[in-house]
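These are the residues of each chain, in order.
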Amino acid sequence: MRLFAAVLPPDPAVAELAARVGALRRLPGADGMRWTERAGWHFTLAFFGQVDESLLPALHERLARAAHRHPPHEVRLAGGGRFADKVVWAGVEGDRATLGHLADSAEAGARRAGVAMEPHRRPYHPHLTLARCRGGADLRPYVDGLADFEGSAWTVAELSLVRSHPPAPGVPGAQPRYEVVAAWPLGH
């Protein structure tokens, strides 16, 4: 199964961001972008790819340990940016250091559990993907529209193991569906 470790923002934080994204979706050219669905918004900590079911017990154990090592911490959705001319994302402010350490622990735990992963090429950059553009576009208006966004603070209280179900083939606009397989409280 296709798995990743994630932090899921609470519903009130998602609702605040959704209001801003609604305005972005009304900008000229927005209809040519693939907008992610609100139900799937998350911060990926570590992407595991295809994981054999035989590794799940060890992976669960390692992720539980990773969650235990890190305290709950406060963040907020804020600002945004882009990756080249392909992706628009919302950012995070607050205790980004603890979030980064949690990401490192999730990745290390998966490796120790036997999950074959590609090494990270860059430092962890927490972001929530909002839209993708296949052909490339001027994404500056969307980034500008997020520049002053600052959601309410919330507490990251758990680490989730999420399964990604691919979108239905041949269905225009179909999105992946995400299912939380397990979750562990931080600091316990």
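Structure's up top.
Predicted model, so just to flag it, every value in this text is computed and none were measured. (Residues numbered from 1 in each chain as written. Predicted model: local features only at pLDDT ≥ 70, side-chain atom pairs only at ≥ 80, totals over all residues. Heavy atoms only, no water.)

Moving on to helix α2 (residues 56-69). Here α2 spans 20 Å end to end across 14 residues, near enough to the 20 Å set by a 1.5 Å rise per residue. Of the positions making up α2, those classed as buried are Leu56, Leu59, Leu63, Ala66 and Ala67. Buried positions in α2, seen along its axis, are confined to an arc of 95° and lie on one side of it. Along α2, the residues that are exposed and aim more than 90 degrees away from the buried face are Pro57 and Arg69. Along its buried surface, α2 packs onto β1 (2-7), β3 (43-50), α3 (96-112), β8 (158-165) and β9 (177-185). (Helix = DSSP H or I, 4+ residues; strand = E, 2+ residues; numbered from the N terminus. Expected span 1.5 Å × (residues − 1). Buried < 20%, exposed > 50% of the residue type's maximum accessible area, 1.4 Å probe, protein only. Arc of directions from axis to C-beta. Contact = heavy atoms within 4.5 Å.)

Another point: the packing of α2 against α3. Interhelical geometry of α2 versus α3 gives an angle of 155° and a closest axis separation of 8 Å. Between α2 and α3, the interaxial angle falls into the category roughly antiparallel. Like other packed secondary-structure pairs, α2 and α3 cross with a definite hand, here right-handed. Contact residues: α2 offers Leu59, Arg62, Leu63, Ala66 and Ala67, while α3 offers Leu102, Ser105, Ala106, Gly109, Ala110 and Arg112. Its residues assigned to classes, the contact of α2 with α3 shows seven nonpolar, two polar and two charged. (Axes fitted to C-alpha atoms, helices over the stretch in contact; angles between N-to-C directions. Parallel < 35°, antiparallel > 145°, perpendicular 65-115°, else oblique. Left-handed = near helix turned anticlockwise from the far one by under 90°. Nonpolar A, V, L, I, M, F, W, Y, C, P; charged D, E, K, R; others polar.)

Judged by nonpolar contacts, the single largest core of 53 residues is most densely connected at Leu17, Trp35, Leu45, Phe48, Leu59, Leu130 and Leu159. Leaving out residues up to four positions away in the same chain, leucine 59 has contacts with Leu3, Phe48, Val51, Ala110, Ala113, Val115 and Leu161. (Core = buried A, V, L, I, M, F, W, Y, C linked by side-chain atoms within 4.5 Å.)

Time to look at the sheet that holds β3. Strands sit in the order β3-β1-β8-β9 across an open sheet of four strands; the sheet is antiparallel. Each edge of the open sheet is held by one strand with a lone partner, namely β3 and β9. Strand after strand, the sheet turns through a mean of 25° between neighbouring axes, direction not considered. Inspection of the sheet shows β1 paired to β3 by six bridges, in the antiparallel sense. Within β3, the residue paired with alanine 5 across the bridge is alanine 46. This element, α2, spans β1, β3, β8 and β9 of the sheet and lies at about 60° to β9. Against the sheet, α3 makes contact with β1, β3 and β8, and its axis sits at roughly 15° relative to β3, the strand it touches most. (Pairing = 2+ DSSP bridges.)

So, about helix α1 (residues 11-24). With 14 residues, α1 extends 20 Å from end C-alpha to end C-alpha; this agrees with the ideal 20 Å at 1.5 Å per step. For α1, the elements touching its buried residues are β2 (34-35), β4 (73-83), β5 (87-94), β6 (128-132), α4 (140-146) and β7 (154-156).

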